[in-house]
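# Results of the structural survey
One-letter residues, chain by chain:
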Amino acid sequence: MSLAQVHYTSAAPGDEGTAGRFTAVGPGVSGALLAEIEPLVRYEFPGGVPDRPSGDELRSLPQAFGYFVLSDGSRLVARSAPVRDTGGHAGPGVRFHAHAVHLPPGVPLPGDRLPVEAWRSPHWVAVTPDGAIPDPLTLPPGPAAVSEGLDDFAVSRGPWLAAVLADLRRASDAETSGGRPVVLVERQCADVARWLGLASVTLPRESAERLTFTTYTRRPERSPSRVVGVGPEDAAAARAAGLRVHECAGPPPADGGPADAWAATAARVWRSRSPELFGEARELPGEPFAAGPLAVTALCAGVELGPDGRAAAAGWAADRPYALDAKRTGQLVEALTSPAVDDRTGPEFDAAGRLFGALEGRCPAAVTAPLAAMLVTEAVRGGNGSLELPHREAFAGPEGAEVAERLGPEILTELADTVGSRSVGRTIQLLRVARLLDVDGRESLPGAIDRLAPALLAEAAAAAAAHDGPPGFAPALLELLDEQFEVRTALLGALDRIAPEDPGAVARFLERVTLPFTGTQALPHLRMCAEVPEAMATLGGDRAAVWHRVLRAAGLSPFAEPLVLRTAAGLVWEDRAPTVGEARLLLDAATSDAHRAAGTWARLVDAALGASTGGTSAAGAPTAGTSTGGTSAAGTSAAGTDEAAGLAHDLLRGFPEEIGGRERAGLHLLVLVRELRTGAPEPGWAERVRTLCAQAEPVEPALRERAHAALVERLLAPDRPGAELYDFVHGDDAELIAAYDRAARTETVRARLRTQPAYAADCFTVWTAHPHAGRAWPPVAAALLDDVLRPAVRALSAEAVAEVEETVGRTGSSGRADAFRDWNRVSALGRLGRRIAGRVRRG
């Protein structure tokens, strides 16, 4: 079939306003297509072209060779070249001539060649012919000129090779037809054509055919091609336009630019001068640009690849172990396990582990043994804790004995080290490898387990704090426990011993990692830790019920194993003290000896001291009692105080040697508060309250308030011993005296003063009896006389006032009665004076 040819040349003199004109157009090329073709074949000279260039200078000017897809689906292959202007026209002395071939839709190039192969066709012309000329796309048989020397060119462009191939692959994607072009900066446009020649060999045929291009342009941002070539002088403008630019004419990049595993592997194939491998790789199953088939082909051919390429090869072969014959499988394993490789990565080892699992049982042991040896060597020496290990059977032969002899001492030495830092994953891996290689580690096992158990809790807690889900070592740990009975027994025992010290941590660990402890081991503490989440969920806030259920899960009596008390208490009341009622439940669950051995007596003390032991008034002050042994006005905490005091009494009796210091003083203070409220405390209780509060510092605020309230309630009672009041007043304790002042001002006391003359007389005697007792008492007593007692006496009848006066004289002396009359007269005169003043004002 004869293809239509088109010729276009620069504008002639007199063609002002036009860039050029078509000088010859073959049949079938419409005017609309010519309008589309014209900007594609137009040529712009580079800067600095001489007015009259020499022959060499003319030949050195770039030629624009391009392949374009037109709007109707047809295609155009064109060459635009500078030619000497022989007409003597003004200008640089050169013109350009474009020669193009039009391919209708669906018509391939002659010989099914690719467009880039016509770059060096001898049939391109630089003048408009008078008659028919040969089709420049009709090439002679054999490799086209552009394919010659591609190996050398690829090696010379090694630093850019992977990144350019990656971009050319993306440019050939059918989905990126509307994307912006990839720009290749070269001094010679022939080198741009060689890049396209590399792409035509590297890419699948259908991808290479989609790769439209032009080898030279001054306006890359306007080009419809997917790949464009520019000279160094236009590189900056292309970069400023936001295009993807590869400046292959400058210094090599430091890192070669971004490239995927396929492109990196393809670059290594070219540098090894083995382009035939691209065709072999396409015969293997897989996606067109998957790195695996090409990487497998390259490794089997002896091409050295990087970690990503080797990982891709191993991963592909692991997914398709049936795709390679025995010879190529052996070649692949040999390449992957080569001793010369020293840059293996974690993903590469993971892929090699998957490959071993896929080949094991399909191939002779001699083929897979190098993989097994490499994997366990990496597990021991490389510290790869996530590596998938081979099965034990892989080391049954002489190869396994050789590996065990080499790695066994290293494993035992590291397991025996209890000083250096070692992660949980590392310990698990060492134990698993020791079993695989049948290394006898019985001597080092106890120390390794004692170190592993707390590390499990610490790393699991760190993972929980980071919200990382289950700890990463969990799958390997469960495999280890499933594989090795002796390790499972030792580790579960170690965790059971740790549980009483930090049961909450163990319980949280068991929620994240379900350990298999359903065998014959007792493991009471682990069973309790495993039981508590469900108990909490089922029983809610009933901590007493949770306590009973968790304790039953232990399967042992607290009398036989006191430490279950500590574990249960730590699980139920991990970061808080029990209530008094819960503490009583705890105390009654076992003997004092059991609590002493478990250390739970300290929680009981905290419960007693931390109990809410006092009500408060609206002003926040302790409220005064109504009588000796009565309840406070708040009335809500008396029962709680009595319970706490009863618990304190039993604790002091049950743990006399263990409880000391401030805790002992606080418990005695609780007992004294109850005695002040309900009984007859030993004499000296006023001073004892002050002493115990000082010894219990820092005393719980509620306990201090309740102790002060109980003391002042007793001191405000009519039958309080005088000696206690004397000790209180002369103790000059400002805080206690302030509590007394607040209690004396309550409505309860004021009502009693207004209704009980004898009580009013007693208060007058007390509040006037110690005028020089320290610094705190005199102003408080004087204020109580004026602010509390005087208003109460004013409200009394004359008979009641006389009774008060008589009582004061009878219980004190005639002088005391005179003092009351004088004090009351001042009050009466004050009232009389106010009445007279009022009458004068009204008059």
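Scope of this entry: the structure provided in the associated data block.

The rules behind each value
Residues numbered from 1 in each chain as written. Predicted model: local features only at pLDDT ≥ 70, side-chain atom pairs only at ≥ 80, totals over all residues. Heavy atoms only, no water. Helix = DSSP H or I, 4+ residues; strand = E, 2+ residues; numbered from the N terminus. Rg over C-alpha atoms; globule rule 2.2 N^0.38 Å. Buried < 20%, exposed > 50% of the residue type's maximum accessible area, 1.4 Å probe, protein only. Contact = heavy atoms within 4.5 Å. Lys, Arg positive; Asp, Glu negative; His and termini not counted. Charge placed at Lys NZ, Arg CZ, Asp CG, Glu CD. Pairing = 2+ DSSP bridges. Axes fitted to C-alpha atoms, helices over the stretch in contact; angles between N-to-C directions. Salt bridge = Lys/Arg side-chain N within 4 Å of Asp/Glu carboxyl O. Core = buried A, V, L, I, M, F, W, Y, C linked by side-chain atoms within 4.5 Å. Expected span 1.5 Å × (residues − 1). Parallel < 35°, antiparallel > 145°, perpendicular 65-115°, else oblique. Left-handed = near helix turned anticlockwise from the far one by under 90°. Nonpolar A, V, L, I, M, F, W, Y, C, P; charged D, E, K, R; others polar.

A word on the overall build of the protein. Regarding its fold elements, the protein presents 37 helices and 9 strands. Over its C-alpha atoms the protein spans a radius of gyration of 50 Å, topping by over 25% the 28 Å that the globule rule assigns to 843 residues. Once the C-alpha set of the protein is aligned to its principal axes, its extents read approximately 155 × 95 × 40 Å. Considering the protein as a whole, with its 843 residues, one finds that 49% of them fall into the buried category. Contacts spanning at least 24 positions in sequence make up 69% of the contacts within the protein whose residues lie at least 6 apart. The average position of the 86 basic charges and that of the 107 acidic charges among the side chains of the protein differ by 8 Å.

The next thing to look at is the sheet that holds strand β7 (residues 213-214). Here we have 9 strands laid out as an open sheet, ordered β2-β1-β5-β4-β3-β7-β8-β6-β9, and mixed in their pairing. One side of each edge strand has no neighbouring strand; the edge strands of this open sheet are β2 (20-25) and β9 (244-247). In terms of strand pairing, strand β6 (residues 182-185) meets strand β8 (residues 227-230) through 4 bridges, oriented parallel. Within the sheet, the bridge partner assigned to L184 lies in β8 and is G229. Those strands touched by helix α1 (residues 31-41) are β1 (4-10), β2, β3 (64-69), β4 (75-84) and β5 (94-103), and its axis lies near 120 degrees from that of β2.

Let us now look at the pattern of salt bridges. Scanning the entire structure with this criterion turns up 50 salt bridges. Here R273 and D152 are joined by a salt bridge, their closest N and O atoms 2.5 Å apart. Placement of the pair is R273 in the loop between α8 (261-271) and α9 (276-282) and D152 in helix α3 (residues 150-156), with a sequence separation of 121 residues. You can call R273 partly exposed: its relative accessible area is 40%. Where salt bridges share partners, they join R157, E186, D191 and R194 into one cluster.

The next subject is unusual backbone geometry. A negative phi holds for most residues other than glycine; trans holds for most peptide bonds. In the segment running from E697 into P698, the intervening peptide bond is cis, with an omega of -5 degrees. Positionally, P698 belongs in the loop between α29 (685-695) and α30 (701-715). Here the phi dihedral of R273 falls at roughly 60 degrees; this positive angle occurs in a residue that is not glycine. Residue D438 is not a glycine yet carries a positive backbone phi of 60 degrees. Position of D438 among the secondary structure elements: in the loop between α16 (424-436) and α17 (445-465). By relative accessible area, which is 60% here, D438 ends up exposed.

A few words on the nonpolar core. In globular proteins that are soluble, nonpolar side chains generally tend to be buried together. Counting residues in hydrophobic clusters, the biggest one holds 250 residues, and the most contacted among them are F509, F728 and W767. Setting aside residues no more than four positions away along its own chain, F728 makes contact with A686, L711, L715, L736, I737, Y740 and W777. If you look at the next biggest cluster of nonpolar residues, it comprises 9 residues, including V183, A235, L243 and A249.

Moving on, we come to α30. Taking 1.5 Å per residue as the helical rise, α30 with its 15 residues ought to reach 21 Å, and the 21 Å between its terminal C-alpha atoms agrees with that figure. In terms of burial, α30 is largely enclosed, as 12 of its 15 residues are buried. Inspection of α30 places L703, R704, R706, A707, H708, A709, A710, L711, V712, E713, R714 and L715 among the buried residues, and these make up the whole buried set.

What you see with β6 is no split at all: V182 and L184 on one side and V183 and V185 on the other are buried throughout. Of the strand pairs in this sheet, β6 and β9 are connected by 4 bridges, and their pairing is parallel. In the sheet register, L184 faces β9, and the bridge partner there is H246.

A few words on the packing of helix α21 (residues 524-539) against helix α22 (residues 543-554). Contact geometry of α21 with α22 gives a least axis separation of 8 Å together with a crossing angle of 150 degrees. Comparing their axes, α22 and α21 come out roughly antiparallel. When you trace α21 past α22, the crossing you get is right-handed. Residues P524, R527, M528, E531, V532, E534, A535, M536, T538 and L539 of α21 pack against A545, V546, R549, V550, L551, A553 and A554 of α22. Its residues assigned to classes, the contact of α21 with α22 comprises 12 nonpolar, 1 polar and 4 charged.

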